[in-house]
Amino acid sequence: MKNVLVTGGAGFIGSNFIHYLLRVEPDVRIVNLDALTYAGNLANLSGLPDESRHTFVHGNICDRALVDGLFQRYQVDTVVHFAAESHVDRSIRDPGTFVQTNVVGTYTLLEAARQAWAGDSAISMSEARFHHVSTDEVFGTLGPADPPFNEATPYAPSSVYSATKASSDHLVRAYHRTYGLPVTITNCSNNYGPYQFPEKLIPLMILKGVMGQDLPVYGDGKQVRDWLYVEDHVEAIHQVLKRGDIGQTYCVGGDNQPPNIEIVETICDILDELAPGTPPASHRSLIKHVVDRPGHDRRYDINIQKIKTELGWQPRRTLRDGLLATVTWYLDHPEWVSAISQRSDFKTWMEHNYSQRGGGK
Ligand code: NAD
Ligand code: TYD
C-alpha cells in the first residue's frame, strides 16, 4: 500500500479514514476523489496530520476519463471506495442519483482498476487492492428472534439505498470471480462520530437538541440498529487492507444494539449534563414521535466473529463513551455545525423530509 485512491474522502467515514491513515501509515500517499455533493465537506479535511501526502481531486467517480487519469498519474495500487449516496430517506425521494453513483460509479471504478492493473502494467494485480465499503443494510431486516447477520446471510435489501449498495457488492465480487481483481469488502453497521452530516439520526438529534427544537423519532422508535464508532470502523478497514484475504468479506459492528428511542434519550441526558444552559431543562421533553419512514427496516444486528478471530480486530468504544465523545465534538465545533445548518439546501431538505410527518404515534 503506497498510493491510495480514496473515493468520497470529504464525507463522514472517508474523512475519518484519511485522518487515521495519514497518522498510522507514514509512507502512504492519498489521492482523494470526491464530487463534493451536499454531504462532502472540505472542512472535514482541515488539520490533516500531513497535508503534503494528501491530494484532493474534485470530481465524480462516474467520470471514466478522470478516474483513468488518476490511476496513471498517481500509480494507484490501492482503492478504498467510500463514495456513495448514503441516506435512506433521500433514496426514497431521489432514487436515480443512488443508482448512478452507487451502481454506475462503482462499475466505473472497477473497470478503471481492471484496466490499470492488467497485463504488464506498472502495478500488477498481485500488488494491488480494491477495498469496497458497504453496509449491513444489504441483508434486509431481522425479526425479533432472528440470529444476527453474518458474511453468509443472503442479501434482501429493502430500500433503494440498500438495493444499490447490494448491486455494488455483487459487481465487486463478480470482478473478483471473473477477472481476478484483488478485492475485499466490509459490510458495517451504523456509524457515528465526528464529521457526520447532520441528516442522520445521531448528529441530527444533537443539532436539534442544542437548538431546543423537536426531536423527530420515526414511528414507535423501537427500531434497532447496531452502532459503530467511526474510529473503530476505520481501524477495521485498515486491518482488512493489511491482513484481510483477497476475495473475502468481513462484517464489522460495534456490539451495541439499543432501540432508537434509547439512543435519543441518552443524547438528551448527555445534553442535559454538557449543555445545561440550552432550553429546555430536560431535553427528553423535546422528543416527538412522527410518521414513520416507508419500508423502514425494523432490526439490524451483526455478528463480528470472523474479523475478531481472523484479524484480531474488535470495537474499543462502548456506546455511552462514543456518544459522549460525539456530543462533545459537536458542541466543540459550532462553526462546523452552523456552516451546514445555515445552508439553504439543508433547510430545504429538512422541510421536505419533516414538514409532512406531523405527529406520529
Ligand atoms: P457520506 O454521505 O457522509 O459521504 C459520501 C461522500 O461521497 C461525500 O463526500 C460525497 O461528496 C461523495 N460522493 C457522493 N457521490 C459521489 C460521486 N458520484 N463521485 C465522487 N464522490 C461522491 O457517507 P458516509 O456516511 O461517509 O459513508 C461512506 C460509505 O460507507 C458509503 O459507501 C456508505 O454506503 C457506507 N456506509 C455508511 C454507514 C454509515 O452509518 N454512515 C454505514 C454502513 C456503510
Ligand atoms: P439513519 O441515521 O438515517 O440511518 P439508517 O436509516 O441507515 O439506519 O437512521 C437510523 C435510525 O433512526 C433509523 O431506524 C431511522 C431512525 N431515524 C429517526 O427516527 N428519526 C430521524 O429523523 C432519522 C434521520 C432517523
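Here the structure is shown first, and the text comes after it.
Participant: Residues and numbers for the site of ligand 2, please.
Facilitator: Of all residues adjacent to ligand 2, which total 17 residues, the nearest are E137, N260, R293, H296 and Y354. Backbone polar atom of P216 to a nitrogen atom of ligand 2: 2.8 Å apart, as the coordinates give it. In the environment of ligand 2, an oxygen atom lies 2.7 Å from a nitrogen or oxygen atom belonging to the side chain of H296. Mapped onto the shell around ligand 2, the elements with two or more residues apiece are α6 (201–211) and β8 (215–218). It is β8 that provides the largest number of residues to the shell around ligand 2, a total of three residues. The class makeup of the residues in the shell around ligand 2 is seven nonpolar, five polar and five charged. Counting contributing residues, the shell around ligand 2 receives three or more from each of domain 1 (3–193 + 227–252) and domain 2 (201–223 + 257–295 + 317–345).

Participant: Could you give an account of the packing of aromatic side chains, naming the residues involved and the relevant values?
Facilitator: The geometry of two aromatic rings is summed up by the distance between their centres and the angle between their planes. Here the structure, examined in full by the defined rule, presents 16 aromatic pairs. Measuring from centroid to centroid gives 6.5 Å for Y195 and W336, while their planes differ by 65°, and the two rings are edge-to-face. Taken as a pair, Y195 in the loop between β7 (190–192) and α6 and W336 in helix α11 (residues 334–341) lie far apart in primary sequence, 141 residues in all. Judged by its relative accessible area of 14%, Y195 is buried. Using a relative accessible area of 7% as the deciding quantity, one classes W336 as buried. Through successive ring pairs, a cluster of aromatic residues spans F139, F149, Y155 and Y300.

Participant: Tell me about the sheet that holds strand β3 (residues 54–58), and name the residues and values.
Facilitator: A sheet is described by the order of its strands in space; here seven strands give the open sequence β3-β2-β1-β4-β5-β6-β10, paired in parallel fashion. Either end of the sheet is taken by a strand with one partner, and the two such strands are β3 and β10 (249–252). Across the sheet, the mean angle from the axis of one strand to that of its neighbour is 20°, orientation sign disregarded. Examined bridge by bridge, strand β5 (residues 129–135) and strand β6 (residues 183–188) share six bridges and lie parallel to one another. Paired with S134 across the strands is N187, a residue of β6. Here helix α4 (residues 95–116) sits on the sheet and contacts β1 (3–7), β4 (78–81) and β5; the angle it forms with β5, its principal contact strand, is near 165°. Contacts from helix α5 (residues 160–179) reach β5, β6 and β10 within the one sheet, and its direction differs from that of β5 by about 155°.

Analysis parameters
- Residues numbered from 1 in each chain as written.
- Chains lettered and ligands numbered in written order.
- Predicted model: local features only at pLDDT ≥ 70, side-chain atom pairs only at ≥ 80, totals over all residues.
- Heavy atoms only, no water.
- Near = heavy atom within 4 Å.
- Polar contact = N/O pair within 3.5 Å; in protein donor to acceptor, adjacent residues only side chain to side chain.
- Helix = DSSP H or I, 4+ residues; strand = E, 2+ residues; numbered from the N terminus.
- Nonpolar A, V, L, I, M, F, W, Y, C, P; charged D, E, K, R; others polar.
- Domains from an automatic or database assignment.
- Phe/Tyr/Trp six-rings, centres within 6.5 Å; stacked < 30°, edge-to-face > 60°.
- Buried < 20%, exposed > 50% of the residue type's maximum accessible area, 1.4 Å probe, protein only.
- Pairing = 2+ DSSP bridges.
- Axes fitted to C-alpha atoms, helices over the stretch in contact; angles between N-to-C directions.
- Contact = heavy atoms within 4.5 Å.

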